[in-house]
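Observations on chain architecture
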There are 2 protein chains.
Amino acid sequence: MSEKIQIIEVGPRDGLQNEKKPIPLGMKYRFVENLLGAGIDNIEVSSFVRADRIPQLSDAAELFQMIYNNKLAGNFSALIPNVKGLNRAIECRANRFAVFTASSETFNKKNINSTIEESLHLIGEVLAEAKKTSTSVRGYVSTAFGCPYEGKTKGNEDKVIEICEKLFDWGVDEISIGDTIGVGNPNQVKSLIKRLEKKWDLSRFAMHFHDTYSRALGNVMTSIEYGIRKFDSSAGGLGGCPYAHGATGNLATEDLVHLLHDLGFETGVDLYKLKNSSSEIFEFLGKTSSSKVHHAIGDSCGK
Amino acid sequence: MSEKIQIIEVGPRDGLQNEKKPIPLGMKYRFVENLLGAGIDNIEVSSFVRADRIPQLSDAAELFQMIYNNKLAGNFSALIPNVKGLNRAIECRANRFAVFTASSETFNKKNINSTIEESLHLIGEVLAEAKKTSTSVRGYVSTAFGCPYEGKTKGNEDKVIEICEKLFDWGVDEISIGDTIGVGNPNQVKSLIKRLEKKWDLSRFAMHFHDTYSRALGNVMTSIEYGIRKFDSSAGGLGGCPYAHGATGNLATEDLVHLLHDLGFETGVDLYKLKNSSSEIFEFLGKTSSSKVHHAIGDSCGK
């Protein structure tokens, strides 16, 4: 049997959050349902940040409730900014929580209006509460390979390690290392993984690459070579890069799955069902997928 | 000083050859001129295959003559199918020749209507004549990592080595290893390079990746790691994949240059001038570039 690689689908949350046009709740629900049908069982569904900050995700509670009521089976995570958000997530039965910070001070300041220290303090509070529920928690560390404001800075790798230490100490189960603006290169990826490996089991990490400069799959390949077996991605490549106008953001799940299968890994995902999972969303938004595989594989029913 | 990586720009030939709408000669000339202005001095300009096979490149003689008359300085190669094509290329002063075959029998049969053996025979004739001119010759070996008809076959790597042997024996100076349909993965790339290295100096090879499935830069990264320092690419990613409708083909030169600079390599290329070099062509074709870097870097005059 071939080795398994785990995909964490972030399309419904990370992919949609910057879309201006309000997507109907039912359409979001069908997207989640389609993803499950394609064999993806780890899905970041929505976020409990303030509705005025991310209006697109203001229906998070309803969406989680629908998933629960309809007995969909899977790991459905919610992005949690603070204890208030956590309580709302608990109320509507999200079964996985995700907390977030970044290794760049400027990014944290501009993105969530707090210092790294302040954001870690909030995370600490959330984790203390979350523990009582025995729900698993993932932590995001953004700007791990470069920041839209500070660029690539010398001490950034140290900062990433330092944040990971705190998150694990406080009970985070898994950390997703985010290349927020897609500027990472394989030398950086290798260097960081080798440092993570010295302190922790690599099974506790996922890599979250963006394809802004076409580097996502290359960085996936390097990550696999150095022992990573979990990756975040977004169906159809949903989600632009808010820091570079007209540019793409998230690595497309199709591109990831196509490569993983070719390398002989098992993902449990049906590539054609995956391709179709986001069709309704793209049509509604009047956009086309940024995924090259999405366009190249055609509509064949084969694999 | 940082290490240099050589880029062989194939946009004017490989990028344009499948475009139906006839591009005016003057526009092609300006494209070549712009590429030179952006710092690219190795350019595959056109092809001397029969005009009815590739109508878009039927003005090859005129284009080479314009380049010569206007004293543009650079390495300008012409694709040569046979001795007749060679004589035309010599007549209009192409200063580099390129011959081509593929490692897949079916591909050769469908693409140039000959067996590998027959195509090698034609190449042998061309090389015997070309030697008299002391012009350097590059050889293309297509389908090196997979064939649109045969897929990935067991003996393909052996076939690639065997063809390289013949080409070098007959006096080819450099070989470009082509991933015609973009299905190569880093395991294949590493495996082939390690075999090439046992027999030849790797400076005699260029890698020619297609980005059909978003893997081109990943395969570039692996190639660099294993010692390759020459890459083919196409400005703006010009050139679709004729084997998958709506899919992209050539690796975009912008994506390549952006990565190489980030890795600390020198290319001599100005990324913004490069981005603008193909604008007139894309506008005329009513298309947008498939290069993610092309869209992500904006129009800044910085680097």
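All values derive from a computational prediction rather than experimental measurement. By convention here, each chain's residues receive numbers from 1 onward along its written sequence. Note on labels: chains are lettered from A, ligands numbered from 1, in written order. Residues qualify for local features only when their pLDDT is at least 70, as the model is predicted, and side-chain atom pairs are given and counted only at 80 or more; totals for whole chains, interfaces and linings, by contrast, use all residues. The basis for every side-chain value is the complete set of non-hydrogen atoms in the structure, without hydrogens or water.

Overview of the relation of the copies chain A and chain B
Quick reminder of the rule: A least-squares fit on C-alpha atoms brings the copies together, and the residues used are those whose pLDDT is at least 70 in both copies. In what follows, residue pairs with any heavy atoms lying within 4.5 Å of each other are defined as contacts.
Between chain A and chain B, which share one sequence, the superposing operator has a rotation angle of 180 degrees and an axial displacement of 0.0 Å; the RMSD is 0.0 Å. One copy is carried onto the other by what is essentially a two-fold rotation axis. When C-alpha distances to the rotation axis are compared across chain A, the minimum falls at Gly218 of chain A, with a value of 1.7 Å. Take the interface residues of chain A: 100% of them recur as interface residues in chain B, which is what a same-surface contact looks like.

Here we look at the packing of helix α7 (residues 156-169) of chain B against helix α8 (residues 186-199) of chain B
All names here are of chain B. This is how the line gets drawn: Angles run from 0 to 180 degrees between N-to-C directions of axes, and those axes are lines fitted to C-alpha atoms, restricted for helices to the stretch in contact. The helix and strand labels rest on DSSP assignments: H or I over at least four residues marks a helix, E over at least two residues marks a strand, and numbering proceeds from the N terminus. Put simply, a crossing is left-handed when the front helix is turned counterclockwise from the back one by less than a right angle, and right-handed when it is turned clockwise. Just so you know the grouping, Ala, Val, Leu, Ile, Met, Phe, Trp, Tyr, Cys and Pro go in nonpolar, Asp, Glu, Lys and Arg go in charged, and all remaining residues, Gly too, go in polar.
Where α7 contacts α8, the two axes come as close as 11 Å, and the packing angle between them is 35 degrees. For the pair α7 and α8, the crossing hand works out as right-handed. Residues Glu157, Asp158, Val160, Ile161, Cys164 and Glu165 of α7 pack against Gln188, Ser191, Leu192, Arg195, Leu196 and Lys199 of α8. A per-class count over the contact of α7 with α8 returns five nonpolar, two polar and five charged.

Looking at the pattern of salt bridges
Residues and elements named next belong to chain B. For clarity, the cut-off: By convention in these notes, a salt bridge is any Lys or Arg side-chain nitrogen within 4 Å of a carboxyl oxygen on Asp or Glu. Residue exposure (1.4 Å probe, protein chains only): buried if accessible area is under 20% of the type maximum, exposed if over 50%, otherwise partly exposed.
As enumerated under the stated definition, the model contains 40 salt bridges over all chains in all. Between Asp59 and Lys28 there is a salt bridge, with its nearest N and O atoms 2.9 Å apart. Here Lys28 lies in helix α2 (residues 25-37) and Asp59 lies in the loop between β2 (42-47) and α3 (60-69), a separation of 31 residues in the sequence. Judged on exposure class, the residue Asp59 and its partner Lys28 are both buried. A salt bridge links Glu117 to Lys166; the shortest N-O distance between them is 3.6 Å.

Topic: the packing of aromatic side chains
All names here are of chain B. As a reminder, the rule being used: Pairing of aromatic rings covers Phe, Tyr and Trp, the last through its six-membered ring, and needs centres within 6.5 Å; plane angles under 30 degrees mean stacked, over 60 mean edge-to-face, and all others mean tilted.
For the structure shown, the criterion picks out twelve aromatic pairs over all chains. Taking 5.7 Å as the distance between ring centres and 25 degrees as the angle between the ring planes, the aromatic pair formed by Phe48 and Phe64 counts as stacked. On the criterion of sequence distance, the pair formed by Phe48 in the loop between β2 and α3 and Phe64 in helix α3 is long-range, its members being 16 residues apart. Here Phe48 falls in the buried class, since its relative accessible area comes to 3%. Since its relative accessible area comes to 1%, Phe64 is described here as buried. Measuring from ring centre to ring centre gives 6.5 Å for Phe107 and Tyr149, while their planes differ by 40 degrees; the resulting arrangement is tilted. Of the two residues, Phe107 sits in helix α5 (residues 105-112) while Tyr149 sits in the loop between β5 (136-142) and α7, which places them 42 residues apart along the sequence.

Some remarks on the packing of helix α9 (residues 216-225) of chain A against helix α10 (residues 253-262) of chain A
Residue and element names in this part refer to chain A. Note the following rule: In what follows, roughly perpendicular refers to angles from 65 to 115 degrees, roughly parallel to angles under 35, roughly antiparallel to angles over 145, and oblique to any angle outside these ranges.
Remark: α9 packs on α10, axes separated minimally by 11 Å, with the N-to-C direction vectors making an angle of 45 degrees. As judged from the angle between their axes, α9 and α10 are oblique. When the axes of α9 and α10 are compared, the crossing they make is right-handed. Residues Leu217, Val220, Met221 and Ile224 of α9 lie in contact with α10, whose contacting residues are Asp255, Leu256, Leu259 and Leu260. Tallied by class, residues from the contact of α9 with α10 come to seven nonpolar, no polar and one charged.

Digging into the interface of chain A and chain B
So the rule is basically this: Accessible-area loss on putting two parts together, using a 1.4 Å probe and summing over both, is the definition of buried area adopted here. Side-chain atoms alone can form a polar contact between residues adjacent in sequence; in general such a contact is a pair of N or O atoms within 3.5 Å, and within protein one must be able to donate a hydrogen while the other accepts it.
Chain A puts 33 residues into the contact, and the matching count from chain B is 33 residues. Overall, the association of chain A and chain B removes approximately 2500 Å² of surface from exposure, summing both partners, and the carbon and sulfur fraction of that is 54%. When the buried area of chain A at its contact with chain B is split by residue, Tyr213, Arg215 and Lys292 of chain A rank highest and sum to 26% of it. Counting the contacts that link chain A with chain B gives six salt bridges. Here Arg215 of chain A ties to Asp262 of chain B by a salt bridge, and the two come within 2.8 Å at their closest N and O atoms. In this assembly, chain A and chain B are joined by 14 residue pairs in polar contact (both at pLDDT 80 or more). Taken together, the elements giving at least two residues each to the side of chain A that touches chain B come down to α8 (186-199), α9, α10 and α13 (292-296) of chain A. The element best represented in the side of chain A that touches chain B is α9 of chain A, accounting for five residues.

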